[in-house]
Amino acid sequence: MKYTFTKISLFILLAVLLASCNAIKRVPKDEHLLTENTITVDGEKITDQRYYNFLYQKPNTELLKAPFRLYIYNWARPNIDSILNVQRAKDDTRRSFWTRLLSRKQVESFRKFKKDFNSGIKKTGEAPTIVNEILTKKSANRLAKFYINNGYFNTEVDYKIKRDSNQRATVHYNVIRHKPYPLDTITPIIASPVADSIYHVHKNESYLIKGDPYQKLNLDRERARIEKLFRNNGLYHFESDRIRVKVDSNNTGHKSNIEYFIDNRKETIGDSIKDFPFKVHKISKINIVTDYGYANKNSTYADSINADGFNFYAYDRIKYRTNAITDIIPLKPGAIYRDIDKTQTLTRLSRLNTFKYPSIIYQQDPADSTGSDLIASIRLTPLDKYKLRADFDVSTSNIQDIGIAGFGSLLIRNIFKGAETLEISGRGSLGASDDAANDDDSFFNISEIGIDASILFPRIFFPINTTKLIPAQWQPSTRLNLGLSVQQNIGLDKQSFAGGLSYNWTPSKTNTFTFDLIDAQYVRNINSNNYFNIYRNSFDDLNTLATSNIDNINPDYFQADATTPTLSIPNGANSFINDVTNGTVSGFNDDEVSEVNAIRERQDRLTEDNLIFALNFTYTYNNRDNLYDDTYSRFRTRLELAGNVLSAAANIANAPKDENDNSRIFGVVFSQYAKTEIDYTKHWKLRNDNIIAIRAFGGLAVPYGNANSVPFTRSFFAGGSNDNRAWRAYELGPGSSGAPNEFNEANMKLAFNVEHRFDLLGFFEGALFVDAGNIWNVFDNVEDQNSQFRGFSSLSDLAVGSGFGLRLDFDFFLFRFDVGFKTYDPSLETGNRWFREYNFSNAVYNIGINYPF
């Protein structure tokens with residue numbers, strides 16, 4: 001009965017869908033639905049989508065060759081208002097029936113809901129594109145204009161509409177370009193001698209070159225170049241509308257002769273208009289108001305300072321060191337006016353995160369009789385000196401039954417009068433857990449607290465002057481940070497301290513450098529005896545080995561009250577490991593001994609205290625213009641070196657060593673390794689807002705000197721919503737080992753991703769993706785061959801996942817739901833790795849915010 005009902009429901013749903021899948025359902029009787037546009041240019045069919053974007057009418061968008069949005073639109077009633085009005089005018093009998101069941105107000109509310117729902121369907125769908133000959137003519141004219149603007153002045157475009165008996169039509173555009181008109185003579189006629197002189201100094205930078213094809217785009221570029229050139233060379237009053245262009249192609253032998261005129265500035269004086277030749281303006285004075293506001297704009301200044309030619313004013317008192325502002329801005333007294341100086345001054349002042357909407361006003365200096373001097377007034381409105389923020393959260397997880405967390409931060413601006421920003425933040429949480437490691441009977445028995453402090457300097461904070469190496473126009477900054485956190489009854493009860501000194505500078509819009517001179521971290525594991533309670537996979541493997549040879553194992557190693565033989569934690573498990581590794585227990589073969597050794601090595605690595613003292617260098621290239629630029633690339637590379645300074649200090653101080661001949665500082669074996677990462681991302685925007693995104697990542701961390709492994713916090717993992725989405729985080733790799741641990745990590749990683757993103761309905765987006773990658777151990781102390789990278793043959797361990805995603809784009813953020821299927825699983829037997837678990841029951845469901853890359 002259950003299956004019969006399901007079949008009937010599916011049949012009804014299919015019938016409803018088929019009824020709406022008549023594409024011409026909403027096409028008027030004598031009209032035709034546009035199904036295809038074609039363009040031929042000089043007899044050759046065009047496939048480049050850019051040319052089809054010139055057409056005013058396009059076929060309805062399709063997904064999998066079907067116009068689904070048109071089908072959705074067809075679900076809606078075209079005359080819903082008339083239908084509702086007829087319902088209202090029905091006889092009183094029917095109306096009184098509904099008003100007896102519902103109130104009249106409720107009936108009207110339901111009708112309004114029907115109307116709004118109908119409108120929502122229309123907005124989600126897409127109205128049929130009905131062939132319109134007027135728009136077709138305009139499309140032909142637009143195509144002709146495009147080719148004319150590219151030097152084919154005699155272009156002819158005609159079109160043909162082919163209609164069929166099924167109310168469908170195609171439109172074919174035929175373009176005949178004829179012979180092009182390349183550039184020949186290029187003659188600038190500039191009225192102002194000063195402007196003419198500046199132009200000729202830079203004429204080799206022109207976009208107009210004799211013999212090149214005529215392109216209106218290059219004319220526009222040349223106009224913009226001249227405006228930028230003049231306004232960056234002192235011509236304050238110059239505007240692009242002073243440029244007039246004349247193109248002559250009559251009787252020129254299919255050549256384009258260009259004349260462009262640059263007129264003098266015109267100004268109305270009384271009843272007459274006079275010409276004024278352009279002149280070079282310079283900045284005679286720079287006034288900086290440090291507490292400007294609309295409320296006090298007519299008040300008298302209460303404080304003023306003159307520093308290096310800059311005049312500082314304040315309505316209250318000047319609260320900033322003058323060089324904190326003057327050192328970072330390119331505007332200087334006595335310099336010529338330049339647009340670029342104005343733009344960079346505003347940008348750098350905004351990046352201080354100290355002022356609100358900085359502005360610059362230029363006025364003619366009344367003391368200058370020539371009219372060449374300008375006074376620049378910089379108006380700065382301070383942001384609030386103090387900013388307090390607090391958050392509160394209640395959650396549940398696999399660690400705690402219920403948790404209460406709080407976060408608070410205090411931001412203090414201009415703390416040392418140099419536009420510095422200090423932020424102090426604290427976080428704390430209490431949780432209730434039945435699995436806590438202590439016997440405390442209180443309800444809240446786990447906790448974590450942390451405090452962080454950071455200060456940002458808007459310059460390079462260093463004993464040596466670095467302005468020649470890193471000039472102010474690169475917008476350098478320095479960040480100093482400290483952090484402390486303490487856990488109780490969580491995992492190994494980590495106590496950690498971190499500190500850093502980081503420098504950042506941006507030489508250009510696309511290039512950013514970050515240098516971490518100090519990246520220090522100390523992690524102390526207070527409750528290492530809780531290891532096997534956390535890493536249950538390791539314990540289960542260990543317990544299986546012990547029970548398989550139980551007759552040779554000391555019975556005191558097992559829990560006394562367990563229903564099945566189970567090693568006690570920590571004493572029984574640790575004693576069993578010692579017996580096996582020391583050879584004091586018999587009955588285990590070499591492979592089993594190796595497995596116990598591997599468990600011991602991982603336990604030692606994850607429970608040992610860590611001391612990391614590293615320096616990092618990161619370079620980032622990003623040519624994305626803004627948030628709406630969907631065709632861009634991003635490249636990031638990072639180099640990290642850890643332990644070299646501590647190694648030198650240990651050698652000088654003759655620091656003590658442990659049983660493995662590793663040096664200790666403050667009683668801790670410090671980490672020493674070299675780590676590098678390369679990350680490349682590329683996006684292409686295609687037709688109809690389709691986007692192809694790819695990413696490639698490679699990382700390697702090599703221990704050396706005082707270490708034979710990389711700290712857990714600095715290693716790599718695979719899987720997760722931003723990596724290979726067919727595996728959960730930490731559940732992929734290493735290599736073909738099959739993720740034997742709870743948190744699988746290694747010191748080498750490769751990852752490759754490709755994703756096709758497309759619009760679905762309204763703010764819903766879809767995605768199809770393929771992810772590939774894995775992690776491996778290399779140059780460290782892991783002996784498992786399945787986990788090791790052994791050359792090109794190990795590339796067969798690259799796991800492949802594929803799937804689809806649904807995204808909700810809310811403009812300010814994007815909610816992402818991705819389903820990943822294991823397409824190629826290297827942990828399975830060779831020859832049995834493809835599509836073995838390619839189903840929804842073995843799929844991984846990922847939730848994320850914003851795009852994965």
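Rules used throughout
Residues numbered from 1 in each chain as written. Predicted model: local features only at pLDDT ≥ 70, side-chain atom pairs only at ≥ 80, totals over all residues. Heavy atoms only, no water. Pairing = 2+ DSSP bridges. Helix = DSSP H or I, 4+ residues; strand = E, 2+ residues; numbered from the N terminus. Contact = heavy atoms within 4.5 Å. Axes fitted to C-alpha atoms, helices over the stretch in contact; angles between N-to-C directions. Patch = residues over 30% accessible without salt bridge, like charges linked within 9 Å, V, L, I, M, F, W, Y side chains within 5 Å. Areas by Shrake-Rupley, 256 points an atom, 1.4 Å probe, with all protein chains shown as cover. Salt bridge = Lys/Arg side-chain N within 4 Å of Asp/Glu carboxyl O. Lys, Arg positive; Asp, Glu negative; His and termini not counted. Charge placed at Lys NZ, Arg CZ, Asp CG, Glu CD. Buried < 20%, exposed > 50% of the residue type's maximum accessible area, 1.4 Å probe, protein only. Core = buried A, V, L, I, M, F, W, Y, C linked by side-chain atoms within 4.5 Å.

## Side note on the sheet that holds strand β2 (residues 44-45)
Phase 1: Strand order in the open sheet formed by 4 strands is β2-β1-β4-β3, with mixed pairing between adjacent strands. Pairing within the sheet leaves two strands with one partner each, and these edge strands are β2 and β3 (156-163).
Phase 2: Alignment of strand β1 (residues 33-41) against β2, held across 2 bridges, turns out to be antiparallel. Bridged to Val41 within β2 is Glu44.
Phase 3: Strand contacts of helix α7 (residues 133-148): β1, β3 and β4 (168-176), with the helix running at about 150 degrees to β3, the strand carrying the most contacts.

## Re a nonpolar patch on the surface
Phase 1: On the surface, a cluster of nonpolar side chains totalling about 1100 Å² of accessible area is made up of Phe763, Phe764, Leu768, Phe804, Leu806, Phe810, Phe812, Phe817, Phe840, Tyr845 and Ile847.
Phase 2: Counting residues per element, the ones that place at least two in the nonpolar patch are β29 (764-776), β30 (799-809) and β33 (844-849).
Phase 3: If you trace the backbone, Leu806 turns up in strand β30.

## Details of a negative patch on the surface
Phase 1: Among the surface-exposed residues, Asp540, Asp541, Asp590, Asp591 and Glu595 lie close enough to one another that they form a single negatively charged patch.
Phase 2: Per-element tally for the negative patch: the top contributor is helix α15 (residues 590-607), with 3 residues.
Phase 3: Tracing the sequence through the fold places Glu595 in helix α15.
Phase 4: We classify Glu595 as partly exposed; its relative accessible area is 34%.

## Examining the nonpolar core
Phase 1: Counting residues in hydrophobic clusters, the biggest one holds 23 residues, and the most contacted among them are Ile286, Ile288, Ile325, Leu349, Tyr362 and Ile378.
Phase 2: Going through the elements one at a time, β10 (282-289), β12 (310-314), β13 (355-364) and β14 (373-382) are the ones with two or more residues in this core.
Phase 3: No other element matches the 4 residues that β14 contributes to this core.
Phase 4: Excluding its chain neighbours within four sequence positions, the residues that come into contact with Ile286 are Gly309, Phe310, Asn311, Leu331, Lys332, Pro333, Ala376 and Ile378.
Phase 5: Judged by nonpolar contacts, the second largest core, of 21 residues, contains Tyr531, Phe539, Phe576 and Val596.

## Observations regarding the pattern of salt bridges
Phase 1: According to the stated counting rule, one finds 36 salt bridges in the structure shown.
Phase 2: For Asp220, the salt bridge identified is with Lys216, shortest N-O distance 3.3 Å. One end of the pair is Asp220 and the other is Lys216, both in helix α9 (residues 216-231) and 4 residues apart, which spans about a single turn.
Phase 3: Using a relative accessible area of 35% as the deciding quantity, one classes Asp220 as partly exposed.
Phase 4: A relative accessible area of 34% places Lys216 in the partly exposed class.
Phase 5: A salt bridge links Glu420 to Arg321, with the nearest nitrogen and oxygen atoms 3.8 Å apart. Highlighted residues: Glu420 in the loop between β16 (402-413) and β17 (421-432) and Arg321 in the loop between β12 and α10 (322-326), separated in sequence by 99 residues.

## Examining the sheet that holds β14
Phase 1: The strand order β11-β12-β10-β14-β13 describes an open sheet built from 5 strands, whose pairing is mixed. Only two strands of the sheet have a single neighbouring strand rather than two, namely β11 (303-307) and β13. Adjacent strand axes in the sheet meet at a mean angle of 20 degrees, parallel and antiparallel pairs treated alike.
Phase 2: Bridge count between β13 and β14: 8 bridges; the pairing is antiparallel. Counterpart to Lys356 in the pairing with β14 is Thr381.
Phase 3: Against the sheet, helix α11 (residues 339-351) makes contact with β13 and β14, and its axis sits at roughly 155 degrees relative to β13, the strand it touches most.

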